[in-house]
Structure formats: C-alpha cells, structure tokens
Amino acid sequence: MSRIGRLPVVLDKSVKAQVVNGQVLVSGPKGKLEMSLPASFELSVEDSKLVVKRPNDARRERALHGLTRKLVANMVEGVSKGFTRVLEINGVGYRAEVRGNAITLSLGYSHPIVYQLPAGVTAKVERQTILTLESADRQLLGSVAAEIRALRPPEPYKGKGVKYSDEMIRRKAGKAAGAASS
C-alpha cells in the first residue's frame, strides 16, 4: 500500500468535492478545479474526507496511487488557501509592472517583454523587483513561474536575471579572479 496514497484528504468546511464520471470537481472560496482520475481508480467522499482507492496492486496502479492522492490534496489546498510563488528580479534597470492580466518585464533586452497571465493566476509587484504570483492551481502556478524565469534565467557571474525567492545561485569567480591566482 502506498504510504501517501492511503492517507485520507481532509476537507475544510468551505470546500465541496464530488466525483462525476471519473472527474473530480473541487470548489471553495479561492475557485473551482477539476481533474480526471486515472482509469479504474475510485475516489469516495466519506464524512468530510476523500479517500483514493486503487483497483489492484499492479506496478502502474501503485505508482499512480500516491500521485493521484497528492494531486487531489493539492486541489483541496488550492481552493481553500491558494498557492503563492515569489520571483526576484536582479539587475540594473531590470523591473516588472502589472497591467491588468499582463506583466511588462524590462530584463535588459532592447524591448520590454509583455507576458499574458493565464486565467486563474494573479500577480502583484512590490518595489518593482519582487513579483508575487498567486493561484489555486499549483501546477499552473509552477509552469507560469518557470516560463517567467526562463525569459532571463539568473547568470552565475553577477547573479542578474529572474530567480525564485528561495533559489540559491552558485556564483563563479570570473576571469579576473582566475588570472590573479596564477
């Protein structure tokens, strides 16, 4: 039995969940999310708890058991509390600005980059260099944050670029430091 897969997902009072034709529908104060269950998996709602049951002990079903339970748990947490991802912009003249559902980024290119946010993701900018993304969908939030980071990934010499707030950039010495030691 999967250690993660057998744990029940506890529902808050504000979260509603239902299973219709292999689709899991979860709604709460932060929004609505849906996901299709893998074939022959069962999800039952038992007194404010969701329990994922796998059909058999085949290798593929064992692998999907914990994954399915975690995806459902992320959906429940997303519609109740939401998820956030913080990006930091480092570099002289590098900045971000939010206009409606678009982010305008100045990242050292000859032109500003306009990134359209997908539905369900919101952004806030603090001090022009700290970008906070919020969403109920964890997977969508992670892919949006990765796409924004890929516009100008942090470089190892001066650390310029877009990085996650909890990311550590391994810095390199550069030419001058290498020449001085020889």
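Rules of the game
- Residues numbered from 1 in each chain as written.
- Predicted model: local features only at pLDDT ≥ 70, side-chain atom pairs only at ≥ 80, totals over all residues.
- Heavy atoms only, no water.
- Buried < 20%, exposed > 50% of the residue type's maximum accessible area, 1.4 Å probe, protein only.
- Helix = DSSP H or I, 4+ residues; strand = E, 2+ residues; numbered from the N terminus.
- Pairing = 2+ DSSP bridges.
- Axes fitted to C-alpha atoms, helices over the stretch in contact; angles between N-to-C directions.
- Contact = heavy atoms within 4.5 Å.
- Phe/Tyr/Trp six-rings, centres within 6.5 Å; stacked < 30°, edge-to-face > 60°.
- Lys NZ or Arg CZ within 6 Å of the ring centre and 35° of its normal.

*Asks:* A description of the pairing of strand 13 (residues 161–164) should follow, citing residues and the corresponding values.
*Replies:* Here is the key point about a regular strand: its side chains alternate between the two faces of the sheet. Residue alternation in strand 13 divides its side chains into two sets, Gly161 and Lys163 and Val162 and Tyr164, and both sets are buried. Here strand 7 (residues 83–90) pairs with strand 13 via four bridges, running antiparallel. Residue pairing for strand 13: Ile89 is matched across the bridge by Val162.

*Asks:* Residues and numbers for the sheet that holds strand 9 (residues 102–106), please.
*Replies:* Reading across the sheet, the three strands line up as 8-9-10 and stay open at both edges, with antiparallel pairing between neighbours. Both edges of this open sheet fall to strand 8 (95–99) and strand 10 (113–116), since each of them pairs with a single strand only. Neighbouring strand axes in the sheet, compared pairwise and without regard to direction, differ in orientation by 25° on average. In the packing of helix 2 (residues 138–151) onto the sheet, contacts are made with strand 9 and strand 10, and the angle to strand 10 comes to roughly 170°.

*Asks:* Please set out the side chain of Thr132 residue by residue, giving values where relevant.
*Replies:* Within the element layout of this structure, Thr132 appears in strand 12 (residues 130–135). Given a relative accessible area of 10%, Thr132 falls into the buried group. Leaving out residues up to four positions away in the same chain, Thr132 has contacts with Arg85, Val86, Thr122, Ala123, Lys124 and Glu126.

*Asks:* Which residues make up the packing of aromatic side chains, and what values do they have?
*Replies:* Tallied over the entire structure, the rule returns zero aromatic pairs. Note that Arg85 overlies the ring of Tyr164, its terminal NZ or CZ placed 4.2 Å from the centroid. Positioned above the aromatic ring of Tyr109 is the side chain of Arg152, whose terminal nitrogen or guanidinium carbon lies 4.2 Å from the ring centre.

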